[in-house]
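Results of the structural survey
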Amino acid sequence: MFKGIGNLKMCSFNTIENFLDSSFAASLLGAIIGACGSWYGAKLSNRANEKNRKIESCERRVREFTAIKCELDYLLERYFNVYGSEIINTEDGQPIEEFSVSKEGYFVVFSNNSSCVGDIKSKNTQEGIIKSYILARAIMEEFDINNKMIKKLKLKKNF
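What you see as residue numbers is a count from 1 along each chain, following the sequence as written. The predicted origin of the model limits local features to residues at a pLDDT of at least 70 and limits the giving and counting of side-chain atom pairs to 80 or more, whereas totals for whole chains, interfaces and linings rest on all residues. With hydrogens and water excluded, all non-hydrogen atoms of the structure serve as input to the side-chain values.

With that settled, the discussion passes to the packing of helix α2 (residues 23-88) against helix α4 (residues 123-158). Where α2 contacts α4, the axes come no closer than 10 Å and their chain directions differ by 35°. Handedness of the α2/α4 crossing: left-handed. Here α2 contributes Phe65, Ile68, Leu72, Leu75, Leu76, Tyr79 and Tyr83 to the contact with α4, which in turn contributes Ile129, Ser132, Tyr133, Ala136, Ile139, Met140 and Phe143. We call Asp, Glu, Lys and Arg charged. Ala, Val, Leu, Ile, Met, Phe, Trp, Tyr, Cys and Pro are nonpolar, and the rest, Gly among them, are polar. Looking at side-chain class alone, the contact of α2 with α4 contains 13 nonpolar, one polar and no charged residues. Note on method: axes are straight lines fitted to C-alpha atoms, helices fitted across the in-contact stretch only, with angles between N-to-C directions ranging 0 to 180 degrees. Runs of E in the DSSP output that reach at least two residues are strands. Runs of H or I that reach at least four are helices, and both are numbered from the N terminus. It is the rotation of the near helix from the far one that decides the hand of a crossing: anticlockwise by less than a right angle makes it left-handed, clockwise makes it right-handed. Pairs of residues are marked as contacts when any of their non-hydrogen atoms sit within 4.5 Å.

Structural data, given as structure tokens:
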């Protein structure tokens, strides 16, 4: 009676040993190892892609802020170089003879990227960009007011 159980154990051990020696077991083990490797490789690739996306996003923001600063700097520099001496030499309250009319096409870079300003962590930098923009806009509006005053004065002189 016990002989049969021993044979059964021996038979099942031989069956497991035969199974492990089979090409099917080798293929199954290879598939499992391959799946694990693929999963791990995909995980590493996703991490690298996410890191690259974050870096690209940061680089894009730096380029946007640099462009905003450049736009404001050059616009203010241009108007100071063109009208600076006239502004300094004018009597208080008197309009300057003629400014180029401000156009709506100014501040294109800032307008298209203004939502990014809130993403800046430095409050001083945020405030600096916003103040520069507001001052530059104010200058454009003041040029427009100046030109309207000149037109009114010219109309009064003609009557």
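Let's pick the thread back up.
Between Lys or Arg on one side and Asp or Glu on the other, a salt bridge is scored when a side-chain nitrogen of the former is within 4 Å of a carboxyl oxygen of the latter. For the structure on display, the rule yields three salt bridges. Here Arg53 and Glu50 are joined by a salt bridge, their closest N and O atoms 2.8 Å apart. Here Arg53 pairs with Glu50, and both are found in helix α2, just three residues apart, close to one helical turn. Exposed residues in this analysis have more than 50% of their type's maximum accessible area, buried residues have under 20%, and partly exposed residues fall in between, with area computed by a 1.4 Å probe over protein chains only. Residue Glu50 is classed as partly exposed on the basis of its relative accessible area of 35%. A salt bridge links Lys69 to Asp73, with the shortest nitrogen-to-oxygen separation between them at 2.5 Å. Of this pair, Lys69 and Asp73 both sit in helix α2, four residues apart, which is roughly one turn of that helix.

Every residue gets a pLDDT, meaning the predictor's confidence in that residue, from 0 to 100. Taken over all residues, the pLDDT of the protein chain has a mean of 76, while the share at 70 or more is 79%. Mean pLDDT values over the elements of the protein chain span from 58, in helix α1 (residues 2-21), up to 82, in α2.

A few words on the nonpolar core. Among buried residues, those of type Ala, Val, Leu, Ile, Met, Phe, Trp, Tyr and Cys that are joined through side-chain atoms within 4.5 Å constitute a nonpolar core. By size, the foremost hydrophobic cluster in this structure holds 16 residues, and its most contacted members are Phe65, Phe107, Phe110 and Ile129. Those elements giving two or more residues to this core turn out to be α2 and α4. Here Phe110 is in contact with Ile68, Glu71, Val117, Ile129 and Tyr133, once residues within four sequence places are set aside.

The next point concerns the environment of Arg63. Within the fold, Arg63 resides in helix α2. Assessed through its relative accessible area of 47%, Arg63 is described here as partly exposed. Distance and chemistry together define a polar contact, namely a pair of N or O atoms within 3.5 Å, with one atom able to donate a hydrogen and the other to accept it when in protein, and with adjacent residues in sequence counting only for side-chain atoms on both sides. A polar contact is formed between the side chain of Arg63 and the side chain of Glu56, at a distance of 3.1 Å.

Among the structural elements, Gln126 can be located in helix α4. The exposure class of Gln126 is buried, given its relative accessible area of 13%.

Here the expected span of a helix is defined as 1.5 Å times the quantity of residues minus one. Here α2 contains 66 residues, and its C-alpha end-to-end distance of 93 Å stays within 8% of the 98 Å for a straight helix at 1.5 Å per residue. Taken residue by residue, α2 has Ala25, Glu64, Phe65, Ile68, Glu71, Leu72, Leu75, Tyr79, Tyr83 and Gly84 as its buried positions.

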